[in-house]
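Residue strings, one per chain:
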Amino acid sequence: LIAKDFERAVFLIENQFGDIYEGGDQVKLQYWLAEIPEAIVFSKPHLCTLNAWNLFACGQLDAANQSLEAAENILESSKSLEPNALLVKDEISETNRVKLLGRVATIRSILASYSGNIPHIIKYARQALEHLPLQELSWRSIASITIGDAYTREGEMMLAREARSNALEASKTSGDAYLIIIVNLT
């Protein structure tokens, strides 16, 4: 960042996000993201998604939504990529595109829960679970938690129990102690 080598900085941030975030260093991540020009952040769907998650965690819901919109626009425009085409720099494979759509939908479900919009919570959490690969355990757990909460609010206790059970299983498999606690509190 000091050298203004933003491409390298973006690469490092994208590859270290999980470790940074799980290490509880959101302030450092927030600083790094703020140092990258907005045009670069909003040109990379993975970075937009990480930025949205960080903004949400910092309570900046409107800014998180803007970052999600930028990610969705890029991901939608990359949909036309041929599945077997050779990827050039900055193109997104279909697998990554779908995974990022799942992450975007997960964050959207959380944002919808803050506004109390139960139909949107369910819609986005379902989209997330459809798109996210099975290996995306933490993201799947978060989506399952939000849909479980929505079902509870609707009085659909069997669906809520099933969603929470899925969230707990994913959280245990991932070893994410924080999410295990969250699931057990709801």
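Residues numbered from 1 in each chain as written. Predicted model: local features only at pLDDT ≥ 70, side-chain atom pairs only at ≥ 80, totals over all residues. Heavy atoms only, no water.

**Considerations on the side chain of Glu 136**
Relative to the helices and strands, Glu 136 is located in the loop between helix 7 (118-131) and helix 8 (137-154). In contact with Glu 136, other than residues within four places in its own chain, are Lys 99 and Arg 103. (Helix = DSSP H or I, 4+ residues; strand = E, 2+ residues; numbered from the N terminus. Contact = heavy atoms within 4.5 Å.)

**Topic: the environment of Ala 34**
Assignment of secondary structure puts Ala 34 in helix 2 (residues 26-35). For Ala 34, a relative accessible area of 62% puts it in the exposed group. Residues Ala 34 and Asn 51, spaced 17 residues apart in sequence, show a C-alpha to C-alpha distance of 9.2 Å. (Buried < 20%, exposed > 50% of the residue type's maximum accessible area, 1.4 Å probe, protein only.)

**A look at the confidence of the model for the chain**
Scored by pLDDT, the chain comes out at a mean of 88, with 90% of its residues at no less than 70. Within the chain, the element-level pLDDT minimum falls on helix 1 (residues 6-22), averaging 78, and the maximum on helix 7, averaging 98. Below pLDDT 50 for its whole length, residues 84-89 participates in five contacts with residues either more than four positions away or in separate chains. (pLDDT = per-residue confidence, 0-100.)

**Quick word on the packing of helix 2 against helix 4 (residues 45-57)**
With their axes 10 Å apart at the nearest point, helix 2 and helix 4 run at an angle of 130 degrees to one another. On the basis of the axis angle, helix 2 is oblique to helix 4. The element helix 2 and its partner helix 4 pack so that their crossing is left-handed. Together, Gln 26, Leu 29, Gln 30 and Leu 33 of helix 2 and Leu 47, Leu 50, Asn 51 and Asn 54 of helix 4 make up the contact between the two elements. (Axes fitted to C-alpha atoms, helices over the stretch in contact; angles between N-to-C directions. Parallel < 35°, antiparallel > 145°, perpendicular 65-115°, else oblique. Left-handed = near helix turned anticlockwise from the far one by under 90°.)

**Quick word on the packing of aromatic side chains**
Within this structure, the stated rule accounts for three aromatic pairs. Here Trp 53 and Phe 56 contribute two aromatic rings whose centre-to-centre distance is 5.5 Å and whose plane-to-plane angle is 40 degrees, an arrangement assigned as tilted. Here Trp 53 pairs with Phe 56, and both are found in helix 4, just three residues apart, close to one helical turn. According to the relative accessible area criterion, Trp 53 is buried, its value standing at 12%. Pairwise contacts between aromatic rings join Trp 53, Phe 56, Tyr 114 and Trp 139 into one cluster. (Phe/Tyr/Trp six-rings, centres within 6.5 Å; stacked < 30°, edge-to-face > 60°.)

**Comments concerning the nonpolar core**
Among the nonpolar cores identified, the biggest contains 38 residues, and Ile 13, Ile 36, Leu 47, Trp 53, Phe 56, Leu 68 and Ile 107 are the most heavily contacted of them. At the level of elements, helix 1, helix 2, helix 3 (38-41), helix 4, helix 5 (61-77), helix 6 (94-115), helix 8 and helix 10 (177-185) are the ones that each hand at least two residues to this core. Of the residues forming this core, the biggest block, seven residues, is contributed by helix 4. Leave out the neighbours within four places in its chain, and Ile 13 touches Leu 29, Trp 32, Leu 33, Ile 36, Leu 47 and Leu 50. (Core = buried A, V, L, I, M, F, W, Y, C linked by side-chain atoms within 4.5 Å.)

**Here's the deal with the layout of surface pockets**
Approximately 930 Å³ is the volume attributed to the largest pocket. Every residue lining the largest pocket is counted, 30 residues in all, and those nearest its centre are Trp 53, Ile 142, Asp 176, Tyr 178 and Leu 179. Of all the secondary-structure elements, those providing two or more residues to the lining of the largest pocket are helix 1, helix 4, helix 6, helix 8 and helix 10. At seven residues, the largest contribution of residues to the lining of the largest pocket is made by helix 8. A per-class count over the lining of the largest pocket returns 14 nonpolar, 10 polar and six charged. (1 Å grid on protein atoms, 1.4 Å probe; cavity = no way out; pocket = protein on both sides within 12 Å on 5 of 7 lines; lining within 4 Å. Points joined across faces, edges and corners; volume = space filled by probe spheres on them. Nonpolar A, V, L, I, M, F, W, Y, C, P; charged D, E, K, R; others polar.)

**Some remarks on the environment of Ile 145**
Looking at where Ile 145 falls in the secondary structure, it is placed in helix 8. Judged by relative accessible area, which is 9%, Ile 145 ranks as buried. The sequence separation of Ile 145 and Ile 182 amounts to 37 residues, and the corresponding C-alpha distance is 8.2 Å. When near neighbours in sequence (up to four residues on either side) are disregarded, Ile 145 contacts Ala 167, Leu 179, Ile 182 and Val 183.

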